[in-house]
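# Reading the structure
Listed below, chain by chain, are the residues.
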Amino acid sequence: MISFQLSDHQQQVKEIVHWFAENEMRPISMEADRLGKVPDEWLERINQLGIQLSTSSFGGDKQKSGSGEKKKTERQGNRLAVIASEELGWGDPAIALTLPGPGLGGPPVQSSGTPEQKERFLSIFSRDEPPRWGAYALTEPDAGSDVSGIRTTAKKVEGGYVLNGQKIFITNGGRASWVVVFATIDRSLGRAGHRAFVVEKGTPGFSCTRLAHKMGIRASETAELLFEDCFVPDENLLGGEEYYQAKASGPSGFRVAMKTFDNTRPIVASMAIGIARAAYEYTLDLVRREYPKQGSFYHRASELLADAELDIEAARLLTWEAAWKADIGQPNAKEAAMCKAYAGKIALDVCAKCLELLGPIGLEQHIVEKLYRDAKIFDIFEGTNQIQHLVTARQLYEPHGVRV
Amino acid sequence: MVSFQPTEDEQAFVDLARDFAKERIRPLARECEQEGRVHPELVKKIEEVGFASLELPESWGGLEMPLISQVQILEALSSGDLGVVQGLPGAGDAASLFRFIPDHPLLASYKEAGQKGTWPTVAFLHAAEGEIPQGVTITSADETGYVLNGTSQPVRLAAFADYLLVSAVDSQGETLLLWLDRQKGNRWQAEAGDYRLGLLASGCARIRFDEEKISSDQVLAKGDEAKDLLAKALRRIQVLEASKEIGLMDAAVSYVTEYTAQRKAFGQEIAKFQGVSFTLAGMAIETQAMRHLVLRAAADIDGDKGEVAASSTLGRVHRALRFVSDSGVQLLGGHGYVQEFPVEKWMRDAEAQTLLYGREGELLIQRGEQLLDRKVPIEV
Amino acid sequence: MAKNIQEYTVDEAWEEIEKNLQADPKPIEGLNVVYQYDITGEEEGTYQLHLSDGKAKVEKGTPAEPDCTLQMGASDFKDLLVGNLNGTAAFMSGKLKVKGDIGLAIKLESLLRKYDTSQYK
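Computed from a predicted structure; not experimentally measured. (Residues numbered from 1 in each chain as written. Chains lettered and ligands numbered in written order. Predicted model: local features only at pLDDT ≥ 70, side-chain atom pairs only at ≥ 80, totals over all residues. Heavy atoms only, no water.)

### Thoughts on the pairing of strand 4 (residues 68–73) of chain C
Within a regular beta strand, the side chains point alternately toward one face of the sheet and then the other, so they alternate between its two faces. Residue and element names in this part refer to chain C. In terms of burial, strand 4 is a largely internal element, five of the six residues being buried. Here strand 1 (residues 33–40) pairs with strand 4 via six bridges, running parallel. Residue pairing across strands places Thr 40 opposite Gly 73, the latter belonging to strand 4. (Buried < 20%, exposed > 50% of the residue type's maximum accessible area, 1.4 Å probe, protein only. Helix = DSSP H or I, 4+ residues; strand = E, 2+ residues; numbered from the N terminus. Pairing = 2+ DSSP bridges.)

Below is the structure:
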C-alpha cells in the first residue's frame, strides 16, 4: 500500500534528531560558520551523549508486537537514515558533517572490510573516549567526477604498499584517526587497478597539508592530504588481497567506491532537503509575522512559498523512494541519482526564493544567507548534478542497449 | 537604423575599462573583500581615469555621459570584480539624481567638495518605495521640518558616507527627497553588521536615526516634484546596476570557457561533454540577451522615451545573474566552491547584489502594472 | 553484594537506583522532574522517578503527572542502566521510546551515567 505516513518509530527518530538539531546544533551554528570550526568542547560533550554520524546507526525495526502476532521485521535502516539526515541538515550541515564517527569512511569498511578490519577500525568510536573521526579520500586535484582518473599510486612492497599522491576536498581528513584512501596499483589496469587502503593518522609520509576556505559549510573541515612514500601494511588493504583476487573478474576497488553512493546519495540529498526546509520555515514565519498581507509583495510571496513547499516535498519523496528501495533490497542506483540531482538543485533554489523575500535584510543577521552558501555544495559533492543526470540517463537507456 | 556598433569614443573607453578590470581590479578583488573596502590607491587610479564621474553633471566637472555609453563602460569595469565596483566611494546612486538638479543650492557644498577630483561618498537611502516598512519613519514636526527615526535596511556605501540622500514618504503620504550632510550637523549612525554573503567591500550598513530633526530647508523636493525626480533617477539607477551585473556575467562566461577548455576528465577536455558545453552556451546566450536588454533600456532612457522597461530589465538581469554565477560555480565542480578560484566569490557577490537592488518579482510587477495601467490593489 | 544486573528483578533494580541516587545526590541537584518508565514485556510495570530538592524517590504506578515517559523492555532497561546499551542507539533502533520532553530524556541518560555501575556488570 502506498503511504507517506511515518511509523511511530520513524516519527520518534525524527523528533529526537530534531530536538538535537534545534537545541544543540542551532545555538552554535552562526558562530561555527564565523569561526570556520566547530568548537572542541561542543564536540566532546556531544560525543559523550553517544551521538555520532554513522550510517549504520539504524538497525531494523525491532518492535515487539502483542502476543499472538507474528513478529515482522522490515528493514528500514535507509529510511531512518534519511529521516534523521534531513533533521541534521535542518540543524546545520557543516556541524552535521563534523559529528564524531566513521562518517563516509564507514560504508567502505563496513561493506568491504574483513571482520578483523571492521573490529579494528569501527570499534574506536566510543562515547567513553574522546571524539574520533573516520574519513574517505577519493578526490584528487585532477580527478573529481572522473574517479577512474585517480593518480595516487600504491606500489607493492614487502609487507604492504607504498602510497604516493594527493587528495583534496576530504571532509575531516585532517582530524580523522583513519582515512579510507583510494589508490591504483597500476594505472594501465584502469579501474581494475584500484584499491582501497585504510591509512592511519600519524603514519609516516601521510600528512594533512592544508584546509580549504569555502563559500559555505565553513565549519566543516575540508582537508588536503599528501602521501609521500607512505608505507601502509598489508593488514590495511581493505578486504585484503583475497577480496580483490576473488573479484578479479568482477567488481574492484572502483566498485567499492561506486556501490556506497547508492546508500550515501539519499542521505546527502536529505541533508540538502533539510537546508531547504530550514530556509523555507524561517522565511514563512518571518513573512507571516512581519510583512504586509496585501499588495504585490504578498502575491509574490504566496507564489514563491507555494513553489518552495512543493520543491521540498518532491525532493523528499524522491529521496524516500530511493531509501525505500534500498530497504526492500531492490537496486536503487537510478533513484539515488535522481533524488540527489533534484535535492541538490532545489536546496539552492529554495534559499534563493527565500532570500528574495527577505530582501536587503537577508544580507546579515538571518540564517538564510548562510543556508544559501551551505546549500551550493550539495549539488557538487557526492556526485555533481551533471553526474547524477548521466547516471539517470544511463539507467534509462540501458534496457535499450545504448550506453550514454 | 539598427546597429550594434559602439562609437569610437565608447570603444576607447570600454577597452580602457576592460584592461583596467583585468590588470588592476581583478588581482585585488579578494584582498578588497577581506579588508572590507577598496584599496585607496585603486580608487585614486579609477578617479584619475574618470570612471568615477561618468554620471555626474558636466557643470560639476563630471562627464555626464549618456546611459548607452555608461552601461558599456560599467560592464567592462565590473567584469574585473563587481564587489570592487560596488565599493567605489563617491556619489554612488545619488549621481543619477544630481543629474536632474545640478544647480540646487542644497547641493552646492557637495559640488564644491568634489572639485578637487575626489567625490565624497553619498549613500542613497531609498525608503520611499514599496509596501514593505523600511524601518525608518519620517514624521512632520510642526511647520519647520521633520523627524527621522528608526533603523533602515542595509544600504550600500552607508559605512563610508558623509552625505545621505534620503527618499521617504511622510505620514500624509507625501514623497520627500532629503539631503543630509554630516558637516552641516546632521547625525546618523551607520551600524556595523555581520556581513558574510557578498559585496563585502561595498560598505553596506544599516542607517540609524535617533529622532533626528530635519529642517524643511533640507528638503530637495517634495510631493509630485519629488515623485517625478525619484522615478527618473531610479530608472537610471536600475539600468546602471543591471549593466554592472552583465559585467559579472561576462566574467563568468569567459572564465568558465577557459577553464573547461583546459580541464580534463574522462580522457578529454570537459568542454567536449555536452552537459558542460550546453550549459556554457546557455550562460552565454542569457548574458548576451540581457546585455541587449540593458542597452535597449539605456537607449530608451537617453532618447527620452516616456515609459521604459527599466525595472523589469533589472529584474530579469537579476535572474540571469543568479543563473550564470551559479553555473559558473557548478562547472568548476569542487574547485568552484573554494576560495582559490574566483567563481565562488562572484556567486556570493551576485546574490548580495540581487538582495540590495530590488526583489526580482517586485521589479517585474512594477512594469507589469504600467503595462496594465493598474496597481495591484491594496485592500484597506 | 551486587550481582549481574540481569539477575535483578525490575523492582530490585529500581531499589538499587534509588539507593545510589540518594547516596550521591550531586548529579540530581537542582532538578525538579518526574520521569516515568513503562517497562514492557515479561516484567511489565510502570515506575516513576521523582527528582526534587536534591532527593530521589522511586514510586510504583503513576502517582504524579510525568514530565517525560520512557518505554522499554525489562532486559533492555537493565542494560541501559549499567551502560551495556547506549541510550542514543536505543532510541534509534526502537528499543527505547520517549514521550514528552526529549531534552529531559537525554539529560536523564547522561545523569545516570555519572554513577559507577561497574559492580552490576
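### Digging into the packing of helix 9 (residues 295–327) of chain A against helix 11 (residues 360–372) of chain B
Across the interface, helix 9 of chain A lies against helix 11 of chain B with an axial gap of 10 Å and an inter-helix angle of 125°. Relative to helix 11 of chain B, the element helix 9 of chain A lies oblique. The handedness of the crossing between helix 9 of chain A and helix 11 of chain B comes out as right-handed. Side by side, helix 9 of chain A and helix 11 of chain B meet where A:Ser296, A:Phe297 and A:Arg300 of the first sit next to B:Glu360, B:Gly361, B:Glu362, B:Ile365 and B:Glu369 of the second. Broken down by class, the residue content of the contact of helix 9 of chain A with helix 11 of chain B amounts to two nonpolar, two polar and four charged. (Axes fitted to C-alpha atoms, helices over the stretch in contact; angles between N-to-C directions. Parallel < 35°, antiparallel > 145°, perpendicular 65-115°, else oblique. Left-handed = near helix turned anticlockwise from the far one by under 90°. Contact = heavy atoms within 4.5 Å. Nonpolar A, V, L, I, M, F, W, Y, C, P; charged D, E, K, R; others polar.)

### Let's talk about the pattern of salt bridges
Residues and elements named next belong to chain B. Considering all chains together, one arrives at 69 salt bridges over all chains under this definition. In this structure, Glu 344 engages Arg 30 in a salt bridge whose closest nitrogen and oxygen atoms are separated by 2.7 Å. In this pair, Glu 344 is assigned in helix 10 (residues 343–356) and Arg 30 in helix 1 (residues 8–35), connecting sequence segments 314 residues apart. Residue Glu 344 shares its accessibility class with Arg 30, and that shared class is buried. (Salt bridge = Lys/Arg side-chain N within 4 Å of Asp/Glu carboxyl O.)

### Thoughts on the sheet that holds strand 7 (residues 205–215) of chain B
Residues and elements named next belong to chain B. Ordered in space as 2-3-7-6, the four strands form an open sheet in which the pairing is antiparallel. Each having just a single partner strand, strand 2 (136–141) and strand 6 (189–191) make up the two edges of the open sheet. Between one strand axis and the next, the sheet turns by 10° as a mean value, whatever way the strands run. The sheet contact formed by strand 2 and strand 3 (residues 145–155) spans six bridges and is antiparallel. Counted as the bridge partner of Val 136 is Gly 150 from strand 3.

### What about the interface of chain C and chain A?
The interface is formed by 18 residues belonging to chain C together with 20 residues belonging to chain A. Carbon and sulfur atoms supply 59% of the area buried between chain C and chain A, which totals about 1,600 Å² over both sides. Ranking the residues of chain C by area buried against chain A places C:Met92, C:Ile102 and C:Arg113 at the top, with a combined share of 37%. Linking chain C with chain A are one salt bridge, by the criterion used here. Where chain C touches chain A, the interface holds six residue pairs in polar contact (both at pLDDT 80 or more). When residues of the side of chain C that touches chain A are traced back to their parent elements, those giving at least two are helix 3 (87–93), strand 5 (97–100) and helix 4 (102–112) of chain C. (Buried area = accessible area lost by both parts, 1.4 Å probe. Polar contact = N/O pair within 3.5 Å; in protein donor to acceptor, adjacent residues only side chain to side chain.)

### Quick notes on the domain arrangement of chain A
Interfaces are frequently sized by the accessible area removed from exposure as the parts join. All names here are of chain A. Parsing chain A into structural domains produces domain 1 (8–122), domain 2 (134–253) and domain 3 (254–400). Using only C-alpha atoms to locate each centre, domain 1 and domain 3 end up separated by 20 Å. Around 2,400 Å² of area is buried between domain 1 and domain 3 when both sides are counted, 63% of it from carbon and sulfur atoms. Here domain 1 is connected to domain 3 by six salt bridges. With a shortest N-O distance of 2.8 Å, Asp 327 and Arg 79 are connected by a salt bridge. Summed over the shared surface of domain 1 and domain 3, the number is 12 residue pairs in polar contact (both at pLDDT 80 or more). When residues of the side of domain 1 that touches domain 3 are traced back to their parent elements, those giving at least two are helix 1 (8–35), helix 3 (77–91), helix 4 (93–98) and helix 5 (106–112). The dominant element in the side of domain 1 that touches domain 3, judged by the number of residues it contributes, is helix 3, at 11 residues. Of the residues belonging to the side of domain 1 that touches domain 3, the class tally is 11 nonpolar, nine polar and eight charged. (Domains from an automatic or database assignment.)

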